[in-house]
Amino acid sequence: MPLRSHLLPSRRTLLRSAPFAPVFATALSGQNFADTKPKPQQLAWQDLEIGVLIHFGPNTFQDREWGDGTAAPSVFDPKQLDAEQWVLAAKAGGARYLVMVAKHHDGFCLWPSRHTDYSVKSSPWRGGKGDLVKEAEQACRKHGLKFGIYLSPWDRHEPAYKDDAKYDDYYDNQMRELCTRYGELVEIWLDGAGSEGHRYDFDRYARTIRTYQPNANIFADTGFLQYGDVRWVGNEDGYASEENWNVIDRLGYLRYRPVEADTPLRKRHWFWHPNDEKSLKSLGELAETHLKTVGRGAQLVLGLAPDDRGLMPESDALRLKEFGALLSDVYGKPLLGANTILRSGQPGFPAGGGQLMKDSSAVLDADSTRQFAAPASERSLDVIAQFGEPLRFDRVLLREWLGEGQTIAAYSVDAATDAASPSAWREIARGTTIGSKRIHVFPAIRATALRLRIQNSIGPVRLRGLQVYDGNSR
Ligand code: FUL
C-alpha cells in the first residue's frame, strides 16, 4: 500500500500553505505538527537503526511461505537449533535488535502457550519441552541485542478465529504470555497480512501491551492500527521515501510514528527454502538498501530465516558479516575531527564570519546524543565546517536532534573544492527532511570546507550530526 496514502494532508500540502497550515491543524485537533514529540522509547528504538526479523516454524520444513495451519507439529524438528548462532550472525550484520516471529499466520506457536496445543510442546523438538522464544530471547540478552516479538493476528489454525470475540480472548491471552515471560520487549509487531474482513479488539490488545510492556514500540501499518508507535514503510523492497517525516497526519490526528522498512535477506522469501541461495541479496544490494532506509531516516529490518537444521545458513551468515564489515569500514571512520572549525549563522555569512559553534564536537560526532540548537526564531541557517586540510570524501551524513520533534524541511549541502578560492561553493547534495539520519552519496571530491544550508524549518533548528566519509577507502 503506498506510503503517501497515509499522509493526509501530505507534508508538501502543509508546507505549501505554510502560513495557514498550523492554524488549520490546531483547529482540527489541538495539535501542532512541529511540536509533536516522540516518546523516549521511540527515540531509543530509532537509535538502534538496524534490526532483524526471524521467521522459522513448520513452513521451514515444508518449503512454504504461508502455512495453512494444517501442518502436523511433528514436522517441527530442527536437530541442530542454536539461537546464539542466529544472534551472532545478526550482530555481525550490524543488527542491534531481533524480532522473533513467535507465531506466523499458520498459528503454530514457538513457545509453549497454555492456550493451544498447536505449539512446540506437541513437536519432537527438545522432547516437547522446548521454548524457542525463550532461547532466542536469552541469546539476545547474552549478546547485547534488544528483543521483540511478532504475533500474527491472522491465525489459520485456531478454530476460534472464526468468532471475533472468542479470538480476541485467545489473542489477548497469548499476547499476555509473551509480554510477561520474556523480559523487556523493545518492539511488538502486529502484522496486517491476511486480516481483511476480521474485526480485532485492538484497544484491548494495546491495553495489555501498555500494561505489561509500557516501553515496547508497537509496529503496525497505519491503516491496520491507528495508534501504533512505529509505522510500516509500505513495501517489502527495502526503501523509504526521500521525504520522510516522523510525524504523520491522518485527518487531523497527529502522531510521532517513525518508519520501519522490513525486507528479507533473500529476495521475497521470509522463510527458508531449499536450494534457494540464488535469492540471497548481494552486498551491493544491501548497501543500496541501507542508503534507502537508514540513509533516509528509516529503520531497516532484515528478514532472516534459519534453515531446517535450525541454523542460519552459512551463506547468509557470511553475507551478514560482509554487510556489517562494510558499514563499519565506511562509517566507522568519520573524517571531520578536532581540527575542523564549525561556524553557524544567517544564510550567506562571509568566510570567517558567523559564530564559532560552541560545542562543535556534538555535531561532528555522528553518534552524539547532544544537539546544536540555533536561536529558536531562526528558520534558515548556514553551518560551515572548515577542514584543517583538504579532505577526500564521497558522502555526507546529517542528523537532526528529534527530542523536541522534527522540523527541517529543506536544505542543501555545498563543498568548497577550489583550494585557490576557498569560499567558492559547489552544491553536492540537497534534500527536504533530515530526521534521524540522512546520507547523501556523490562522486568522490576533494574539498577544504563544507556548508550545510538549512533553507526551511517548520520550527527551531536542532542538529545532531554533520559528518563526511569516504566510501572508497575500504
Ligand atoms: C507479511 C507476511 O505475510 C509475511 O509472511 C512476513 O511475515 C512479512 C514480514 O509480513 O505481511
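Not measured: the values here are computed from a predicted model.

A word on the overall build of the chain
- Within the chain, the secondary structure is distributed over ten helices and 18 strands.
- At 24 Å, the chain has a C-alpha radius of gyration in line with the 23 Å of a compact globule built from 474 residues.
- Counting only C-alpha atoms and orienting by the principal axes, one finds that the chain spans roughly 75 × 55 × 30 Å.
- Here the chain holds 474 residues, and 59% of them are scored as buried.
- For the chain, long-range pairs separated by at least 24 residues make up 78% of all intrachain contacts whose partners lie at least 6 apart in sequence.
- When the accessible surface of the chain is split by element, carbon and sulfur atoms take 52% of a total near 18700 Å².
- The chain carries 60 positive and 60 negative side-chain charges, and their two centres are separated by 4 Å.

Some words on the pairing of strand β15 (residues 408-416)
- The element β15 is largely enclosed, with a buried count of nine among its nine residues.
- Alignment of β15 against strand β17 (residues 438-457), held across eight bridges, turns out to be antiparallel. Across the sheet, Ile408 pairs through a bridge with Ser457, a residue of β17.
- In terms of strand pairing, β15 meets strand β16 (residues 425-431) through six bridges, oriented antiparallel. Counted as the bridge partner of Ser412 is Arg430 from β16.

Some words on helix α7 (residues 202-212)
- Of the positions making up α7, those classed as buried are Phe202, Tyr205, Ala206, Thr208 and Ile209. Looking straight down α7, one finds that the buried residues subtend no more than 160 degrees of arc, so they occupy a single side. Facing away from the buried side of α7 by over 90 degrees, the exposed positions are Arg207 and Thr211.
- Where the residues of α7 are buried, they touch α6 (164-181), β4 (187-189) and β5 (217-220).

Looking at the nonpolar core
- Counting 73 residues, the largest nonpolar core has Phe147 and Leu190 as the members making the most contacts within it.
- The element best represented in this core is helix α9 (residues 314-331), accounting for seven residues.
- In terms of domain composition, this core takes at least three residues from each of domain 1 (3-331) and domain 2 (341-469).
- One finds Leu342, Val363, Leu381 and Ala429 within the second-largest nonpolar core, a separate group that totals 32 residues.

Side note on unusual backbone geometry
- Of note, Arg268 is a non-glycine position whose phi angle comes to about 65 degrees, a positive value.
- Along the chain, Arg268 falls in the loop between β9 (259-264) and α8 (283-292).
- A positive phi angle, near 50 degrees, is found at Asn275, a position not held by glycine.
- One can find Asn275 in the loop between β9 and α8.
- In this structure Asn275 comes out as exposed when scored by relative accessible area, which is 69%.

Structural notes on the domain arrangement of the chain
- For the chain, the assigned domains are domain 1 (3-331) and domain 2 (341-469).
- The distance between the C-alpha centroids of domain 1 and domain 2 comes to 34 Å.
- Of the residues lining the interface, 26 residues belong to domain 1; the matching set on domain 2 comes to 23 residues.
- For the pairing of domain 1 and domain 2, the buried interface totals around 2100 Å² over both sides, and the portion due to carbon and sulfur atoms is 53%.
- In terms of surface lost to domain 2, no three residues of domain 1 exceed Ala34, Trp245 and Tyr331, which account for 25% of the buried area on that side.
- Applying the counting rule to domain 1 against domain 2 returns five salt bridges.
- Across the salt bridge formed by Arg438 and Glu242, the nearest N and O atoms sit 3.2 Å from each other.
- Taken together, the connections running from domain 1 to domain 2 amount to twelve residue pairs in polar contact (both at pLDDT 80 or more).
- Only α1 (11-16), α3 (40-46), α8 and α9 provide two or more residues apiece to the side of domain 1 that touches domain 2.
- Among the residues forming the side of domain 1 that touches domain 2, the class breakdown is twelve nonpolar, seven polar and seven charged.

Details of the packing of aromatic side chains
- One pass over the structure, following the stated rule, counts 26 aromatic pairs.
- Taking the centre distance of 5.4 Å and the plane angle of 45 degrees together, the rings of Phe76 and Phe108 count as tilted. On the criterion of sequence distance, the pair formed by Phe76 in the loop between β1 (50-54) and α4 (83-92) and Phe108 in the loop between β2 (97-103) and α5 (132-143) is long-range, its members being 32 residues apart.
- Among the residues examined, Phe76 registers a relative accessible area of 0% and is labelled buried.
- Given the relative accessible area of 2%, Phe108 is considered buried.
- Seen in terms of ring centroids, Tyr200 and Phe202 are 5.5 Å apart; in terms of plane orientation they differ by 40 degrees. Their pairing is tilted. As far as burial versus exposure is concerned, Tyr200 and Phe202 are alike and both buried.

Some thoughts on the side chain of Asp394
- Note that Asp394 resides in strand β14 (residues 381-400).
- Of note is the side chain of Asp394, whose polar atom sits 3.5 Å from the side chain of Asn472.
- Once you skip the residues sitting within four places of it in the chain, Asp394 turns out to touch His440, Val441, Phe442, Pro443, Ala444, Tyr469, Asp470, Gly471 and Asn472.

Comments concerning the side chain of Gln46
- The residue Gln46 is located in helix α3 in this model.
- Looking at Gln46, its side chain comes within polar contact range of the side chain of Tyr256, at 2.6 Å.
- Contact partners of Gln46, with chain neighbours within four places excluded, come to Asn246, Tyr256, Pro258, Gly297, Gln299, Leu402 and Ser436.

About the thresholds
The numbers attached to residues start from 1 for each chain and follow its sequence in the written order. In keeping with the model being predicted, local features are shown solely for residues with a pLDDT of at least 70 and side-chain atom pairs are shown and tallied solely at 80 or more, while totals for entire chains, interfaces and linings include all residues. Note that water and hydrogens are dropped before the side-chain values are worked out from all heavy atoms of the structure. In this description a helix means any DSSP run of H or I spanning at least four residues, a strand means any run of E spanning at least two, and both kinds are numbered starting from the N terminus. The globule rule used for comparison is 2.2 Å times the number of residues to the exponent 0.38, while the radius of gyration itself is calculated over C-alpha atoms. Each residue is assigned to one of three classes by its accessible area relative to the maximum for its type, calculated with a 1.4 Å probe on protein chains only: buried under 20%, partly exposed between the two thresholds, exposed over 50%. Two residues qualify as a contact provided that any one of their heavy atoms is within 4.5 Å of a heavy atom in the partner residue. Using a 1.4 Å probe, the Shrake-Rupley method yields the accessible areas, and only the shown protein chains count as cover for residues. Only four residue types enter the tally: Lys and Arg on the positive side, Asp and Glu on the negative side, with His and both chain ends excluded. Each charge is placed at NZ for Lys, CZ for Arg, CG for Asp and CD for Glu. For two strands to be treated as a pair, DSSP must find no fewer than two bridges joining them. In this context, the arc is that of the directions from the helix axis out to the C-beta atoms. To qualify as a nonpolar core, a set must consist of buried Ala, Val, Leu, Ile, Met, Phe, Trp, Tyr and Cys residues joined through side-chain atoms within 4.5 Å. In this entry, domain limits derive from an automatic or database-based domain assignment. The buried area of a pairing is the accessible area, by a 1.4 Å probe, that goes missing from both parts when the two are put together, added over both. A carboxyl oxygen of Asp or Glu within 4 Å of a side-chain nitrogen of Lys or Arg is what we treat as a salt bridge. Whenever a nitrogen or oxygen atom comes within 3.5 Å of another N or O atom, the pair is scored as a polar contact, on the condition that within protein one atom can donate a hydrogen and the other can accept it, and that pairs from neighbouring residues in sequence are kept only if both atoms are in side chains. By the convention adopted, Pro, Cys, Tyr, Trp, Phe, Met, Ile, Leu, Val and Ala count as nonpolar, Lys, Arg, Asp and Glu as charged, and the other residues, Gly among them, as polar. Note on aromatic pairs: the rings of Phe, Tyr and Trp (six-membered ring only in Trp) are paired at centre separations within 6.5 Å, and the planes decide the class, stacked below 30 degrees, edge-to-face beyond 60, tilted for the rest.

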